[in-house]
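Here is how the chains run, residue by residue.
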Amino acid sequence: MAEATSSTSRATSSIDLIERAAAGRPPPIDRMPRPSFKRMVEMRDNARLATWGWLPVDRRGPYPAILFRTPYREDLLGWMRMDPLRYRDAGYAVVFQLIRGIGESEGAFEFANPLDRSDGFDTIEWVAAQPWCTGAVGMDGSSYVGMTQIAAAIEQPPSLRCIVPAVVSSDFFNDVPRYGGIVSRQHTLGWTQFTYKDSLADLTPGLWGAQAFLANPAAWPLLLSRPALAAADGVLEHDALAHYREVLTRETFDDWWAARTFSPSDYARVAVPTMVVTGLFDGSMGSQILWRMLEEHAPAEVERRLVIGPWDHGQAYVGGAAYGPYRFEGLDGFDLQSARLAFFDRHLRGEGAGPRLAGRVSSYLLGADRWLGMAAYPDPAVSLCPLYLASDGPANLRGNGRLVELPRASDAADAFEVDPELPFVPVGRSLDPKLALDLRETERQEDVLVYTGEPLAAPLTLHGEFAVELHLSADVPDCDIVCWLARVPPDGRTTQLSVGMLRARYRHGFDRTVLLTPGEPVAVRVAMAHVGITLAPGDRLRLLIGGTLFPLLDPNPHDGGPTATAAAVRRARQVIHHGVAHPSRVLLPAREEES
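These numbers come from a predicted model, not from an experiment.

Quick look at the sheet that holds strand β6 (residues 160-166)
Judged by pairing direction, the sheet is mixed, and its 10 strands sit side by side in the order β1-β2-β4-β3-β5-β6-β9-β10-β13-β14 without closing on themselves. Where the open sheet ends on each side, the last strands, each with one partner, are β1 (37-42) and β14 (370-374). Across the sheet, the mean angle separating the axes of adjacent strands is 20° when strand polarity is ignored. Judged from the 6 bridges that link them, β1 and strand β2 (residues 48-54) form a sheet pairing that is antiparallel. Looking at the pairing, V41 lines up with L49 of β2. Across the face of the sheet, helix α4 (residues 144-154) comes into contact with β3 (63-70), β5 (133-142) and β6 while running at roughly 135° to β5. On the sheet, helix α13 (residues 336-349) packs against β3, β5, β6, β9 (274-279) and β10 (304-309) and is oriented at approximately 160° with respect to β6.

Remarks on the pattern of salt bridges
Scanning the model with the defined rule gives 41 salt bridges in all. Here R340 makes a salt bridge to D140, at a shortest N to O gap of 3.5 Å. Placement of the pair is R340 in helix α13 and D140 in strand β5, with a sequence separation of 200 residues. Each of the two residues, R340 as well as D140, counts as buried. Between R487 and D539 there is a salt bridge, with the nearest N and O atoms lying 2.9 Å from each other. Of the two residues, R487 is situated in strand β20 (residues 480-488) and D539 in the loop between β22 (522-535) and β23 (540-546); the sequence distance between them amounts to 52 residues. Both residues of the pair, R487 and D539, count as buried.

Here we look at the packing of helix α3 (residues 116-129) against α4
Helix-helix packing is described using two parameters, namely the angle between the two axes and the distance between the axes. Between α3 and α4, whose axes approach to 7 Å, the crossing angle comes to 80°. Of the possible angle classes, the one that applies to α3 and α4 is roughly perpendicular. For the pair formed by α3 and α4, the contact residues are D116, R117, G120 and I124 on the first element and Y144, T148, A151, A152 and I154 on the second. Looking at the contact of α3 with α4, its residues break down into 5 nonpolar, 2 polar and 2 charged.

Details of the confidence of the model for the chain
On average, residues of the chain carry a pLDDT of 91, and 94% of them reach 70 or more. Predicted confidence for residues 1-10 stays below pLDDT 50, and this span has 31 contacts to residues more than four positions away or in other chains.

Brief notes about α3
Look at α3: 20 Å from first C-alpha to last across 14 residues, which is about the 20 Å you get at 1.5 Å a residue. The buried fraction of α3 amounts to 10 of the 14 residues, a majority that puts the element mostly inside the structure. When we look at burial in α3, the residues that qualify are D116, R117, S118, D119, G120, D122, T123, I124, V127 and A128.

A closer look at the environment of P490
Along the chain, the position of P490 falls in the loop between β20 and β21 (495-503). C-alpha separation for the pair P490 and H297, spaced 193 residues apart in sequence, amounts to 45 Å. When near neighbours in sequence (up to four residues on either side) are disregarded, P490 contacts G538 and D539.

Conventions and cut-offs
- Every chain is numbered independently, its residues counted from 1 as its sequence is written.
- With pLDDT at 70 or above as the cut-off, local features in this predicted model cover only qualifying residues; side-chain atom pairs require 80 or more to be listed or tallied, and sums for whole chains, interfaces and linings still use all residues.
- Note: side-chain values were computed over all heavy atoms of the structure, leaving out hydrogens and water.
- Two strands form a pair only when DSSP identifies at least two bridges running between them.
- Numbered from the N terminus, helices here are DSSP runs of H or I no shorter than four residues, and strands are runs of E no shorter than two.
- Angles shown run from 0 to 180 degrees and are taken between the N-to-C directions of axes, each axis being a line fitted to C-alpha atoms and, for helices, limited to the stretch in contact.
- In what follows, residue pairs with any heavy atoms lying within 4.5 Å of each other are defined as contacts.
- The term salt bridge refers to a pairing of a side-chain nitrogen on Lys or Arg with a carboxyl oxygen on Asp or Glu at a separation within 4 Å.
- Residue burial is assigned from relative accessible area. The probe radius is 1.4 Å, only protein chains are included, and a residue is buried under 20% of its type maximum, exposed over 50%, and partly exposed in between.
- Angle categories: roughly parallel below 35 degrees, roughly antiparallel above 145, roughly perpendicular from 65 to 115, and oblique for all the rest.
- For this classification, the nonpolar set comprises Ala, Val, Leu, Ile, Met, Phe, Trp, Tyr, Cys and Pro, the charged set comprises Asp, Glu, Lys and Arg, and every other residue, Gly included, is treated as polar.
- Scored from 0 to 100, pLDDT reflects the predictor's confidence in each residue.
- Helix span is expected to be 1.5 Å times the residue number reduced by one.

In C-alpha cells:
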C-alpha cells in the first residue's frame, strides 16, 4: 500500500497548532509564497469571494486545478502547513478561496451555508474558464473544507472531476456542533471565534484543551456559565454570534438544520470520483456516515475510495506515524499527500491507476499494525457479538462491574451522580501526548461506572461502528450518557478505543424530545465511533459509563427544559439497570479473520 514519500513535507496538524495556541504558546505561521494572482470572484448574487492562486513555476500551462474552499484564513492557520505546493510542483494550479462572510469575502457567514452549493459551482466554473486551466478541476481539504466539497459536488458543476473530503461533519446531531444531540459549547463558541480571529495569538486562552482550560480561569464562565445562550455575549458578534445562538436554540432537527444537512437526494447527485479519508482517533462519525450515504444513494458506477488511517482529526489530512501510546510501523511509508496526488493524476489528467491502497476500502488495524483491504464498508466480515453488564455491588471507582457473555438471571443496577457545576476535566493529553487515549483518571471518578471483561484466550479483531444498549433511569427529566470502550493490556493501562454519547431526550430521534419519567427505566442506544484493532491474548475489554464529557460537551442542566436558556442546574442520580429483565450490553463488531 506504499505511496512515494517526500521527506521535505511541511504538513502540520491543525489540532496541534490550535492546542499549542490554547496553552498560550502560539506557534509561528509558515506562510505561502506570493501568489500568482488574487481575485475577488463574483458569485451569481454579486457577492465577491477572495480567491488566491499559485501556478507552476514553468508558466507553460494550461494546468488542471485543485481548489480549496475554506473558512480558515492563512493568517490564522497558514495554508503552507498542508503542503499544497506539492500539487503546484507536480504541475497543478492551486487555488484557495475564503467562503462568504470570512476575511475579505463578501456576504454573510453561516455555518454549512446553503449557498456553499452555488458558490462552489460558480467558483469551479470560473477556475475552469481561466486561460491557465485545462478545464479540469478537483477539490481537496479536510473538516469544513471537506464539507464544501460535498456541497459543490451536489450542484454537479461540469468541470468538477473529483473530490477528496477528509474528516467531514455530515450529521450535525451526531457530530459537531452537537454530539448525540449534546451541544459542544467549546466547539460552537471556540471554533466560531477561531474563524474570525486574525491570528492564533488572539484566541481566548483555555477554550481549547483541558489543561489550558484549567489554567485560565477567565475561560471558565465561557464554558460553564448559565444561561448558555449568554456565554458568547461580548465574545462573538454579528454573523458569528447569530450562529452560536442558532445552534443552541434549535434543539431539534428542524427546517434550519435540514437546509444545512445533505439529504439522500443530495447524495444521489454526487456523481464524481470521491476519496473519503478519516481517522481511528477522530472520534466522530461524519466520514463513515458520508461514506454510507454515498454507497446507498450515489451512482454505483462512480469510483469511490475510503481510507481509515491511524490518525486524529488534524492528522487525517497531513498524516502521522504516531498517536497516544501507538507507533505505527505498518504504515510502510504510506503518505497521504502522495495518495491524494495519485487520485488527482488519475481523474484530472487521466494518468496512472490512482493511489495504491490495500483495497477499495483501506482501514488500519491497531495491534496487528497493518492495513486491512475490503471491497465494502461496513465490513461484511463483521458480526455484532454482545457482552452484557453485570455486578455484585457498585461498579463505581473501578469496583466489581463485569462484562459477561450472558445476562445475569437476577436484575441489578449501578448508580452514579452527575453535578453539572463540577464536571471532571481530563488532562492527560495536555500533560503528555502519549496520554491522549489514557482513561485511567476518568475511570477513577466516582461518577463513572466501570465494567471489565475476562482476559482474552485468543486474538480478537474489532472493526467498524457499533453500539451500547443500556437500560437507564434517573431522578431528573433529562440526562446525558457517555460510553467509552477501552483496551486493558496485562500492564493495567486503560486505553480508549471508541467513544459515544447521547442526550436521553433524543433516544427516539433528533426530530423530537421525549423526557424521562423520574425513576422509570427506559432503553437507550448509544452509537459508538469506529474501532479498528486486533486485541492480543491476555487483553481485556472495558466499558466506562458516565454522564458528561467536559469540556467538549456542555453539561446537562437536568431540568428538562430548553438547555440554551436554563438559568440553574440540578444534580442527577443516574442508574444503569442490568440483568435478564434489563439486558444492558455492548454489541462488539467482531471480525472473523482468515486463518
